[in-house]
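# Analysis of the macromolecular model
Residues per chain are reported as follows:
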Amino acid sequence: MANKKILVTGGTGFIGSHTVVELQQNGYDVIIVDNLSNSSIDVLDYIAKISGIMPAFEQFDLADGKLTAGFFNRNNNIDGIIHFAAFKAVGESMAKPLDYYRNNLQSLINLLEGMKTHAISNMVFSSSCTVYGQPDELPVTEKAPIKPAWSPYGNTKQMCEEILRFVTHSHPVHAIALRYFNPIGAHDSALIGELPLGVPNNLVPFITQTAIGKRECLSVFGNDYNTSDGTAVRDYIHVVDIAKAHVIAVERMLGGRSKSELEIFNLGTGTGYSVLDVINSFERVSGEKLNYKIVPRRPGDVEMVWADTRFANDELGWKAEKSLDEMMSSAWKWEKALVTRPV
Ligand code: UD1
C-alpha cells in the first residue's frame, strides 16, 4: 500500500521542520508548502540529511486563493494537512494587525476550501497557549475559558480555532488543534532548529545568541512577579516532543479515532519554570556564564502559565519526555553548529 501523504504548511519553519522529520521517520510521504518568508530553502537539505528523504516542496503564499486552489488541483492525493504556516511574532502583530489577520485567517480559509473541494478530511492546526491569556486556575486545562486576546497574533489563533469549530461542524472535515506552550530546543543532530530573523523575541534564542557573542546581554523582563524567584513562569517543551505529538494526531485522525469533529489538546510538560530557572539550566549544561540583567516587565507578558497535560496524555497516549536540561543543551548545540555553517 502506498504511504499516506501529508501536506505540511510552514514545513521549513522551526516546529514544521522537526515535524516533517518525524513524519518521514514514521513512513509518511510529505509535501511542504512554504513561502519562505521566515525560513530558508536550505532547511530541505538538512531535513533530507536527517531522514534520508528529500521532501517534496512548493514555494507559494497560502493566503493567495488562486495559487492554493491550483496546488490542490495538481496534488489530489493528499490524505491530511498539518497547518503551521502563519505569522507568529507578538510584537510585530501589534504594529501590523491587518497583516496578521489577512495572512493567518486567509491561509486557513484557503486550505479549508481546498479540503472541501478535494474531500481531504483531516487537519492538524497549530494553536497556542496564548488563547488562555492569564488563566484563572493553574495548571490550565483545555476547558479553561478563552480570554480576550492580548495581541492580534493571539487573536488570530483564537479566531482560527473558531473557524475550525464551525467548518468542521458543517463539512466532513475533522481537525485537531494543538495548543503549544513554549516550544524550545532543537533536533539532536543540530541540523535543524530555530532560526530567528534579526533580534530574537523569544527567550531561548536570545540566551544562546548572547552566550555565543551575537548579543551583548540578555534582558530579563521583570523580577517582581508573584512567583518563586520573581521572574515569569512558562511551560517550556522540547520541539521534538511537540513534533511527535503531531504524528500521533495525524494517526488518530487517519485511523478514524477522533472523538469529535474538532479536538483540542494542550502540548506542554505540565511543569512551569521561571526565566531564572531557564538561565540556570543553560549555564549548567553549557558551562557558560550568561551575561544578563534585570529590566522592567515586558508589556503584554502574563505572570505564569503551565499546562494540565492529562487530556493529551490519556487521549493521545503522548507525553513530553525531554527535560529542561535536554532542551537547553540541544539549543546550545544548535547555536554552536550555526557558527560553522555556510549561511
Ligand atoms: C510568546 C507568545 C506565545 C508564542 C511564543 C512563541 C504570548 C503571551 N505568548 O510566548 O503565544 O507561541 O511567544 O512565539 O503571546 N523573556 C525575557 N527576556 C527576553 C525574552 C523573553 O526575560 O529577551 C521572558 C519573557 O518575559 C517570558 C519568558 O521569557 O517570561 C518567555 O518569553 P518568550 O520566549 O518570548 O515566550 P512567551 O512570551 O511566553
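Everything below is about the structure shown above.
Rules and cut-offs
Residues numbered from 1 in each chain as written. Predicted model: local features only at pLDDT ≥ 70, side-chain atom pairs only at ≥ 80, totals over all residues. Heavy atoms only, no water. Helix = DSSP H or I, 4+ residues; strand = E, 2+ residues; numbered from the N terminus. Rg over C-alpha atoms; globule rule 2.2 N^0.38 Å. Buried < 20%, exposed > 50% of the residue type's maximum accessible area, 1.4 Å probe, protein only. Contact = heavy atoms within 4.5 Å. Lys, Arg positive; Asp, Glu negative; His and termini not counted. Charge placed at Lys NZ, Arg CZ, Asp CG, Glu CD. Pairing = 2+ DSSP bridges. Axes fitted to C-alpha atoms, helices over the stretch in contact; angles between N-to-C directions. Expected span 1.5 Å × (residues − 1). Near = heavy atom within 4 Å. Polar contact = N/O pair within 3.5 Å; in protein donor to acceptor, adjacent residues only side chain to side chain. Core = buried A, V, L, I, M, F, W, Y, C linked by side-chain atoms within 4.5 Å. Parallel < 35°, antiparallel > 145°, perpendicular 65-115°, else oblique. Left-handed = near helix turned anticlockwise from the far one by under 90°. Nonpolar A, V, L, I, M, F, W, Y, C, P; charged D, E, K, R; others polar. Disulfide = S-S within 2.5 Å. Right-handed = clockwise from strand over helix to strand, strands pointing away. Phe/Tyr/Trp six-rings, centres within 6.5 Å; stacked < 30°, edge-to-face > 60°. Lys NZ or Arg CZ within 6 Å of the ring centre and 35° of its normal.

In terms of helices and strands, the protein chain carries eleven helices and 13 strands. Expected size for 343 residues packed as a compact globule is a radius of gyration near 20 Å; at 19 Å, the protein chain falls within 12% of this value. With respect to the three principal axes, the spread of C-alpha positions in the protein chain is 55 × 45 × 40 Å. Counting the 343 residues in the protein chain, one finds 53% classified as buried. A separation threshold of at least 6 residues defines the contact pool for the protein chain, and within that pool the share at least 24 residues apart is 79%. Across the protein chain, the mean location of the 32 positive side-chain charges is 2 Å away from that of the 39 negative side-chain charges.

Here we take up the sheet that holds strand β6 (residues 174–180). One open sheet holds the seven strands; their spatial order is β3-β2-β1-β4-β5-β6-β11, and the pairing between them is parallel. On the outer flanks of this sheet lie β3 (56–58) and β11 (262–267), each paired with one strand and no other. When the angles between neighbouring strand axes are averaged without regard to direction, this sheet yields 20°. When strand β4 (residues 80–83) meets strand β5 (residues 122–128), the two strands line up parallel, connected through three bridges. Directly across from Ile81, in β5, lies its bridge partner Met123. Contacts between helix α6 (residues 152–170) and the sheet are confined to β5, β6 and β11, with β5 contributing the most and set at about 155° to the helix.

Turning our attention to helix α1 (residues 14–25). Helix length check: α1, at twelve residues, gives a terminal C-alpha distance of 17 Å against a target of 16 Å (1.5 Å per residue), a fit within 8%. The element α1 is extensively covered by neighbouring structure, given that eleven of its twelve residues are classed as buried. All of the buried residues in α1 are Phe14, Ile15, Gly16, Ser17, His18, Thr19, Val20, Val21, Glu22, Leu23 and Gln24. Phi turns positive one or two residues past the end of α1, at Gly27, with a value near 85°.

The next subject is the site of the ligand. Taken together, 19 residues are adjacent to the ligand, and Leu203, Ser219, Arg234, Arg298 and Asp301 come closest. Residue Asn201 places a main-chain N or O atom 3.4 Å away from an oxygen atom belonging to the ligand. A per-element tally of the shell around the ligand places strand β8 (residues 218–221) first, with four residues.

Turning our eyes to something else, we now look at the nonpolar core. Within the largest apolar cluster, 37 residues are counted, with the highest numbers of intra-cluster contacts made by Leu23, Leu178 and Trp318. Membership of the second largest hydrophobic core comes to 23 residues, among which are Leu105, Leu111, Met115 and Leu164.

Turning to the environment of Gln25, a few remarks are in order. With respect to the secondary-structure elements, Gln25 resides in helix α1. In this structure the C-alpha to C-alpha distance between Gln25 and Val247, which are 222 residues apart in sequence, comes to 9.9 Å.

Here we come to the packing of helix α7 (residues 203–212) against helix α9 (residues 275–286). For the pair α7 and α9, interaxial distance at closest approach is 11 Å and the crossing angle is 40°. Classed by the angle they form, the pair α7 and α9 counts as oblique. You can see that α7 and α9 cross each other, and the crossing is right-handed. Along its contact with α7, which presents Leu203, Val204, Ile207, Thr208 and Ala211, the element α9 presents Val275, Val278, Ile279 and Phe282. Here the residues of the contact of α7 with α9 are counted per class, giving eight nonpolar, one polar and no charged.

On to the packing of α1 against helix α2 (residues 43–51). The description of two helices packed together rests on the angle between their axes and the distance between the axes. It is at 10 Å that the axes of α1 and α2 come closest, and there the two elements cross at 35°. For the element pair α1 and α2, the recorded crossing hand is right-handed. The residues of α2 that touch α1, namely those facing Ser17, Val20, Val21, Gln24 and Gln25, are Val43, Ile47, Ile50 and Ser51.

Let us now look at unusual backbone geometry. Across residues other than glycine, the phi torsion is negative in most instances, and most of the peptide bonds are trans. Cis geometry is found at the peptide bond from Leu138 to Pro139, where omega equals -5°. Position of Pro139 among the secondary structure elements: in the loop between β5 and α6. Backbone geometry at Leu36 places phi at a positive 60°, although glycine is not the residue there. Considering the arrangement of structural elements, one finds Leu36 in the loop between β2 (29–33) and α2. Its identity as a non-glycine residue notwithstanding, Ala119 has a phi of 50°, on the positive side.

With that settled, the discussion passes to the state of the cysteines. Put plainly, a disulfide is one covalent bond tying together the sulfur atoms of two cysteines. Overall, the coordinates contain zero disulfides when judged by the stated rule. The thiol of Cys160 is not disulfide-bonded; the next cysteine sulfur, from Cys129, is found 16 Å away.

The element β6 is largely enclosed, with a buried count of six among its seven residues. Relative to β6, β5 runs parallel, the two sharing seven bridges. Within the sheet, the bridge partner assigned to Ser127 lies in β6 and is Arg179. In this view, the connection linking β5 to its parallel neighbour β6 by way of α6 has right-handed handedness.

A few words on the packing of aromatic side chains. Tallied over the full model, the rule gives six aromatic pairs. Ring geometry for Phe60 against Phe71: centres 5.7 Å apart, planes inclined by 40°, an arrangement best described as tilted. You can see Phe60 sitting in the loop between β3 and α3 (65–74) and its partner Phe71 sitting in helix α3, a full eleven residues away along the chain. Judged by relative accessible area, Phe60 falls into the buried class, the value being 10%. Residue classification places Phe71 among the buried positions, given a relative accessible area of 0%. Arranged with centres 5.3 Å apart and planes meeting at 55°, the rings of Phe87 and Tyr100 form a pair that is tilted. Of this pair, Phe87 sits in the loop between β4 and α4 (90–95) while Tyr100 is found in helix α5 (residues 97–117), placing the two residues 13 residues apart along the sequence. Classification of Tyr100 by relative accessible area gives buried; the value is 1%. Here the aromatic residues Phe60, Phe71 and Phe72 are joined through ring pairs into a cluster of three or more. Between Arg297 and the ring centre of Tyr225, over which it is positioned, the NZ or CZ distance is 4.0 Å.

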